[in-house]
Amino acid sequence: MKKKSILLVISYNFAVLNKKDMSILQIGDRAPSFNLFSSDKQEINLQSYTGKNVVLLFFPLAFSGTCTKEVCMMRDDISRYNNINAEVIGISVDSVFTLAKFKEENALPFTLLSDFNKVVIKAYGCLREEFAFGYKGVANRSVFVIDHAGIIKHIEILENPGDLPNFDAVNEVLNSLN
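Calculation criteria
Residues numbered from 1 in each chain as written. Predicted model: local features only at pLDDT ≥ 70, side-chain atom pairs only at ≥ 80, totals over all residues. Heavy atoms only, no water. Pairing = 2+ DSSP bridges. Helix = DSSP H or I, 4+ residues; strand = E, 2+ residues; numbered from the N terminus. Axes fitted to C-alpha atoms, helices over the stretch in contact; angles between N-to-C directions. Contact = heavy atoms within 4.5 Å. Salt bridge = Lys/Arg side-chain N within 4 Å of Asp/Glu carboxyl O. Buried < 20%, exposed > 50% of the residue type's maximum accessible area, 1.4 Å probe, protein only. Core = buried A, V, L, I, M, F, W, Y, C linked by side-chain atoms within 4.5 Å.

Asker: Looking at this structure, how should I read the sheet that holds strand S8 (residues 142–146)?
Answerer: Within a sheet, each strand pairs with its neighbour through backbone hydrogen bonds, oriented either parallel or antiparallel. Read from one edge of the open sheet, 7 strands run S2-S1-S5-S4-S3-S8-S9, paired in mixed fashion. Every other strand in the sheet has two partners, leaving strand S2 (43–45) and strand S9 (152–157) as the edge strands with one partner each. Going from strand to strand, the sheet's axes swing by 30 degrees on average, the running direction of each strand aside. Each of strand S1 (35–38), strand S4 (86–92) and strand S5 (111–114) touches helix H3 (residues 96–105); the most contacted strand, S5, lies at about 160 degrees to it.

Asker: Would you mind going over the pattern of salt bridges with me for this structure?
Answerer: A pair can form between side chains of opposite charge whenever their charged atoms are brought close. Counted according to the given criterion, the structure contains 7 salt bridges. The partner of Arg-80 in a salt bridge is Asp-77, and the shortest N-O contact between them spans 3.7 Å. Using a relative accessible area of 38% as the deciding quantity, one classes Arg-80 as partly exposed. Judged by relative accessible area, Asp-77 falls into the partly exposed class, the value being 28%.

Asker: How should I be thinking about the environment of Leu-61 in this particular structure?
Answerer: Among the secondary structure elements, Leu-61 is positioned in the loop between strand S3 (53–58) and helix H1 (65–76). By relative accessible area, which is 16% here, Leu-61 ends up buried. Taking C-alpha positions, Leu-61 is 6.9 Å from Val-93, a pair spaced 32 residues apart along the chain.

Asker: Help me understand the nonpolar core, please; the structure alone is not making it clear to me.
Answerer: Soluble globular proteins tend to bury their nonpolar side chains together. In this structure, Phe-34, Leu-56, Phe-58, Ile-91, Tyr-124, Phe-144 and Ile-146 are the most contacted members of the largest nonpolar core, which totals 26 residues. At the level of secondary structure, the elements contributing two or more residues to this core comprise S3, S4, helix H4 (119–123), strand S7 (136–139), S8 and S9. Sort the elements by how many residues they give to this core and S3 lands first, with 3 residues. Here Phe-34 is in contact with Ile-44, Asn-45, Leu-46, Gln-47, Leu-56, Ile-91, Leu-113, Val-120 and Tyr-124, once residues within four sequence places are set aside.

Asker: Where do I start with the pairing of S1 in this structure?
Answerer: On any regular strand, side chains alternate: one points to one face of the sheet, the next to the other face. Where S1 lies against S2, 3 bridges are found, and the strand directions are antiparallel. Each bridged residue has a counterpart across the sheet, and for Asn-35 the counterpart in S2 is Asn-45. A loop of 4 residues connects S1 with S2, the two strands running antiparallel in sequence, and Lys-41 in this loop sits at a positive phi of about 65 degrees. Here S1 pairs with S5 via 2 bridges, running antiparallel. Directly across from Phe-37, in S5, lies its bridge partner Ser-114.

Asker: Mind showing me how you'd approach unusual backbone geometry here?
Answerer: With the exception of glycine, the majority of residues adopt a negative phi angle, and the majority of peptide bonds are in the trans configuration. Phi angles above zero are rare outside glycine, and Asn-85 is one such case at about 60 degrees. By the element assignment, Asn-85 lies in the loop between helix H2 (78–83) and S4. With a relative accessible area of 32%, Asn-85 lands in the partly exposed category. Phi is positive for Ala-107, which is not a glycine, with a value near 50 degrees. Residue placement: Ala-107 occurs in the loop between H3 and S5.

Okay, structure coming up:
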């Protein structure tokens, strides 16, 4: 009995991503649309912010030290963002229930969204495969500035979860939009 060999060749189209720039999104691209649930259990979509500039903050986990520091810095500067027609939105993989408690305990005056299934985090190119304590699949700390027409004007994706975004650069971009 003769043995037959079968060679199966499968071809995929894929983009090779530079590890330093995990995002395939570029400044000038339209921001990916999304629908996520907020800490208030309301479904929120990015299109509802058309006409406003958006600061989209991705953070790894609620209640961690650097994440708390980051969102509290945004809280403390919220009047600056309000005065320049900018909405701040935070996104993490935490549940809506965890985010509700995080928002309450830190008196956060902006929207927090749960991307529990990591759909938006992947769409924005900021998924962190490995994190502390063996956790897998959280957001890289990242910030995107999206203008009133839904165009990305600033991207910063941090490799080190202990680093904070350059908020001076965020503010500079926002000021240039007004």
